Amino acid sequence: MAIQKKNLTKFEQRSATQEKPWVRYFLLALALGFFAFFLLLPLFAVFAEGLRKGLQTYFEALIDNNTLSALNLTLLAAAIAVPLNLVFGVAAAWTIAKFQFRGKQLLTTLIDLPFSVSPVVAGLIYVLLFGAQGWFGPWLQAHDVKIIFAVPGIVLATVFVTFPFVARELIPLMEAQGKEEEEAAIVLGANGWQTFWHVTLPNVKWGLLYGVILCNARAMGEFGAVSVVSGHIRGQTNTLPLHVEILYNEYQFSAAFAVASLLALLALVTLVIKTWVESRVHQTSDELPMEAPRTIIQSDTV
Amino acid sequence: MSTVPPLTIPPTKARARNVLPGFRLTLGYTIFYLSLIVLIPLSAVFFKTSTMGWEAFWHTVADSRVIATYKISFGLSLLAAAINAVFGLLLAWALVRYSFVGKRIVDALVDLPFALPTAVTGITLATIYAKDGWIGQFLEPLGIKVAYTPLGILVALIFIGVPFVVRTVQPILEDIETELEEAAASLGAQRWQTFRYVLLPVLWPALLTGFALAFARAVGEYGSVIFIAGNIPMVSEITPLMIITKLEQYDYEGATAIALVMLLLSFALLLLINVLQAWSAKRIGRTS
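Residues numbered from 1 in each chain as written. Chains lettered and ligands numbered in written order. Predicted model: local features only at pLDDT ≥ 70, side-chain atom pairs only at ≥ 80, totals over all residues. Heavy atoms only, no water.

On to the overall build of chain A. Scanning chain A for helices and strands turns up 14 helices and zero strands. Overall, chain A shows an N-to-C arrangement of helices and strands of α-α-α-α-α-α-α-α-α-α-α-α-α-α. Its C-alpha atoms give chain A a radius of gyration of 24 Å, clearly above 19 Å, the size a compact globule of 302 residues would have. Going through the 302 residues of chain A one by one, you find that 51% of them count as buried. (Helix = DSSP H or I, 4+ residues; strand = E, 2+ residues; numbered from the N terminus. Rg over C-alpha atoms; globule rule 2.2 N^0.38 Å. Buried < 20%, exposed > 50% of the residue type's maximum accessible area, 1.4 Å probe, protein only.)

If you want it as structure tokens, here you go:
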């Protein structure tokens with residue numbers, strides 16, 4: 001197999017940075033074996049199990065009423081959680097990346113906090129607040145408002161677990177881009193909103209999209225946190241992942257995997273868009289040094 | 001940009017003044033939203049446990065069945081993170097150093113555990129490792145049981161931890177210049193020595209960060225584990241499941257007490273990860 005030189009990595013073009021062939025093949029086989037065994041095989045299994053009893057059973061499981069209402073709730077939760085965390089992410093990134101203030105490091109760490117909290121704990125905290133025996137429980141009951149074991153609880157838990165996604169993509173990106181371009185816009189008379197819309201947003205759009213995609217994938221796929229606050233009422237407080245669990249526990253394996261394959265498809269679409277966005281980010285960051293405005297702004301600081 | 005209003009240069013009071021608007025608004029909103037969604041709800045765990053008294057708290061969190069879950073959760077998470085550190089490094093190495101067919105697909109699919117809902121992971125792993133499953137049927141004659149044993153928990157924790165190590169090590173590995181290794185080789189180092197004494201010290205902080213991230217995720221993981229774990233008390237029960245069990249018995253205090261233990265561990269890990277990342281950033285700054 002003739003390999004063209006241009007396809008080689010920078011390390012493969014120089015013999016001093018190469019392993020002996022047998023070492024190379026051994027390491028490659030080990031890495032790819034691990035990949036195939038732990039990642040690829042489960043992915044295939046989802047679809048294979050879903051289709052095991054034929055296409056008809058597969059689609060019957062998908063157009064089942066309970067599946068559709070679960071799909072509705074999943075879309076609703078994501079449709080609320082993603083925009084909320086998007087607005088928050090932009091606000092947090094603006095304040096952290098463009099300004100200096102005390103406690104900035106602490107704030108950045110606190111924003112990441114939901115990632116390190118177990119999903120089960122994430123669900124529990126809302127039960128402690130809004131559950132029948134929680135802080136606001138008696139008040140909510142008196143006013144006939146249901147949060148736990150109802151849709152609002154599911155939305156809240158989803159917002160919590162997807163909280164940092166957009167912010168953590170935007171903060172390092174906006175920090176790296178500095179604030180010279182925005183300052184130039186302000187000095188030239190643009191107001192804050194114009195500056196953000198015409199200067200900042202075009203610069204961070206791919207990072208923003210990246211954060212939104214990951215946020216959405218997690219919002220639609222969350223299981224642990226939502227499971228604690230849901231109450232598992234079929235047709236009412238079931239999201240797709242919870243519906244998968246119920247079907248599986250009822251030994252309706254084909255139906256469970258049919259619904260699961262829908263979620264796996266969502267995961268694959270997420271990965272495709274993510275890879276595409278990443279390649280765009282690489283392209284724009286490669287183009288940056290050639291763009292004139294940046295260098296001009298930098299030169300006047302000398 | 002043709003609609004920009006006529007030029008009005010804002011008066012500058014001090015040289016160092018930040019001309020950008022919106023600081024108070026965005027900081028205010030950030031703190032408000034963070035408090036509303038994260039900080040106040042999390043503080044409920046602390047307040048709830050503070051009302052239950054030391055004796056009752058200790059009785060709950062040091063119960064032998066709960067202690068068993070710590071051992072299982074922490075022990076298996078450590079083991080899974082260690083296995084991921086080794087194979088994650090190997091996978092990152094293959095992705096950066098070697099050319100092979102389908103490399104872009106492999107690279108994209110490394111993030112599958114991030115994107116795949118945990119419940120899907122859970123039922124899939126439970127099915128392929130069951131005794132008549134794709135992998136389970138080959139392990140059954142060898143006397144190895146994976147599904148519904150602690151080994152099953154380990155498999156699930158390895159799956160969800162893969163991307164953490166690969167994605168922290170990969171960028172560092174990409175940034176390493178060939179000159180370093182060429183210098184080592186020209187000074188007579190064997191390939192293994194170059195790796196051990198030149199590359200590994202540079203990779204070490206990132207590797208540890210990836211390890212810590214994978215561990216932190218594994219300890220709290222619920223969805224992908226419970227289907228394959230079997231959930232047998234004292235044998236294959238994880239700590240998050242213990243919280244659920246207490247909740248289902250309407251023992252809110254007990255659930256909260258265990259949640260507090262997990263939260264404190266999360267905070268400690270978060271601190272450790274921050275320190276590691278600062279160290280990693282410093283190390284990279286020095287070598288480039």
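There's more to say after this.
Our focus in this paragraph is the packing of aromatic side chains. Applying the stated criterion across every chain, the model contains 31 aromatic pairs over all chains. Taken together, a centroid distance of 6.5 Å and an interplanar angle of 5° make the contact between Y126(A) and F130(A) stacked. Note that Y126(A) and F130(A) are positioned in helix α5 (residues 119-130) at a spacing of four residues, about one turn of the helix. For the ring pair W93(B) and F195(B), a centre distance of 5.6 Å and an interplane angle of 85° mean the geometry is edge-to-face. Taken together, the residues W93(B) in helix α3 (residues 64-97) and F195(B) in helix α10 (residues 191-220) connect sequence positions 102 residues apart. A relative accessible area of 19% means that F195(B) is categorised as buried. A connected cluster of aromatic rings, assembled from ring pairs, spans F223(A), Y248(A), Y251(A), F253(A), Y222(B) and F227(B). In this structure, R97(B) packs its charged tip against the face of W93(B), placed 4.5 Å from the ring centre. (Phe/Tyr/Trp six-rings, centres within 6.5 Å; stacked < 30°, edge-to-face > 60°. Lys NZ or Arg CZ within 6 Å of the ring centre and 35° of its normal.)

Turning our eyes to something else, we now look at helix α9 (residues 180-187) of chain A. For an α-helix, the turn length of 3.6 residues means that residues three or four places apart are oriented alike. Residues and elements named next belong to chain A. Among the residues of α9, those classed as buried are E182, A185 and I186. Down the axis of α9, the smallest arc covering the buried residues is 100°, so these residues share one side. On its buried face, α9 is in contact with α3 (65-98) and α10 (192-221). Looking one or two residues beyond α9, the residue adopting positive phi is G189, at roughly 105°. (Arc of directions from axis to C-beta. Contact = heavy atoms within 4.5 Å.)

Contact with chain A, which involves 98 residues of that partner, is made by 99 residues of chain B. Here chain A packs against chain B, burying approximately 9000 Å² in sum over the two surfaces, 78% of which is carbon and sulfur. When the buried area of chain A at its contact with chain B is split by residue, F11(A), F34(A) and L39(A) rank highest and sum to 7% of it. Joining chain A to chain B, the criterion identifies two salt bridges. Two residues, E19(A) and R191(B), come together in a salt bridge whose shortest N-O distance is 2.8 Å. Between chain A and chain B we count 12 residue pairs in polar contact (both at pLDDT 80 or more) in total. (Buried area = accessible area lost by both parts, 1.4 Å probe. Salt bridge = Lys/Arg side-chain N within 4 Å of Asp/Glu carboxyl O. Polar contact = N/O pair within 3.5 Å; in protein donor to acceptor, adjacent residues only side chain to side chain.)

Time to look at the domain arrangement of chain B. All names here are of chain B. Each assigned domain of chain B is listed with its residue range as follows: domain 1 (22-51) and domain 2 (53-287). A C-alpha centroid distance of 29 Å is found between domain 1 and domain 2. Counting residues at the interface gives seven residues for domain 1, matched by 11 residues for domain 2. Around 730 Å² of area is buried between domain 1 and domain 2 when both sides are counted, 80% of it from carbon and sulfur atoms. (Domains from an automatic or database assignment.)

Turning to the packing of α3(A) against α10(A), a few remarks are in order. Residues and elements named next belong to chain A. Where α3 contacts α10, the axes come no closer than 9 Å and their chain directions differ by 140°. Considered as vectors, α3 and α10 are oriented oblique to each other. Handedness of the crossing formed by α3 with α10: right-handed. Touching T74, L75, A78, V82, N85, L86, V90 and W94 of α3 are F196, T200, L208, V212, C215, N216, A219 and M220, all from α10. Residues that form the contact of α3 with α10 fall into these classes: 12 nonpolar, four polar and no charged. (Axes fitted to C-alpha atoms, helices over the stretch in contact; angles between N-to-C directions. Parallel < 35°, antiparallel > 145°, perpendicular 65-115°, else oblique. Left-handed = near helix turned anticlockwise from the far one by under 90°. Nonpolar A, V, L, I, M, F, W, Y, C, P; charged D, E, K, R; others polar.)

In terms of nonpolar packing, the biggest core is built from 191 residues, with I111(A), F160(A), Y129(B) and I243(B) touching the most fellow members. Among the elements that line this core, the one with the most residues is helix α8 (residues 150-175) of chain B, at 15 residues. If we skip the residues at most four places from it in the chain, F160(A) touches P114(A), V117(A), A122(A), I125(A), Y126(A), I37(B) and V38(B). (Core = buried A, V, L, I, M, F, W, Y, C linked by side-chain atoms within 4.5 Å.)

So, about unusual backbone geometry. The backbone of Y251(A) shows a phi angle near 65°, a positive value even though the residue is not glycine. Within the secondary structure, Y251(A) is located in the loop between α12 (240-249) and α13 (253-287). Positive phi, normally seen in glycine, also occurs at Y250(B), with a value near 60°. Summarising the element assignment, Y250(B) is placed in the loop between α12 (239-248) and α13 (252-287). Given a relative accessible area of 60%, Y250(B) falls into the exposed group.

Helices that pack against each other are described as a pair by the angle of their axes relative to one another and the distance between those axes. Contact pair helix α7 (residues 151-161) of chain A / helix α1 (residues 23-50) of chain B: the axes reach a minimum separation of 10 Å and the direction vectors enclose 115°. On the basis of their axis angle, the class for α7(A) and α1(B) is roughly perpendicular. The handedness of the crossing between α7(A) and α1(B) comes out as left-handed. Along the contact surface, α7(A) presents L156(A), V159(A) and F160(A), while α1(B) presents Y33(B), I37(B) and V38(B). Counted by class, the contact of α7(A) with α1(B) contains six nonpolar, no polar and no charged residues.

We now examine the side chain of T162(A). Residues and elements named next belong to chain A. Here T162 shows up in the loop between α7 and α8 (165-177). Overall, T162 belongs to the buried group, its relative accessible area being 0%. Here T158 takes part through its backbone oxygen, which lies 2.8 Å from a polar atom of the side chain of T162. Filtering out sequence-adjacent residues up to four positions away, T162 remains in contact with A81, N85, C215, R218 and A219.

What follows covers the side chain of T209(B). Residue and element names in this part refer to chain B. With respect to the helices and strands, T209 occurs in helix α10. Using a relative accessible area of 2% as the deciding quantity, one classes T209 as buried. Look past the residues within four positions of T209 in its chain and what remains in contact with it is I273, L276 and Q277.

So, about the pattern of salt bridges. All names here are of chain B. By the definition in use, this model includes 13 salt bridges over all chains. Residue R167 pairs with D111 through a salt bridge whose shortest N-O separation is 3.2 Å. Residue R167 is located in helix α8, and its partner D111 is located in the loop between α4 (103-109) and α5 (112-115); the two are separated by 56 residues in the primary sequence. For E181, the salt bridge identified is with R191, shortest N-O distance 2.9 Å. Placement of E181 in helix α9 (residues 178-186) and of R191 in helix α10 is noted, with a sequence separation of 10 residues between them.

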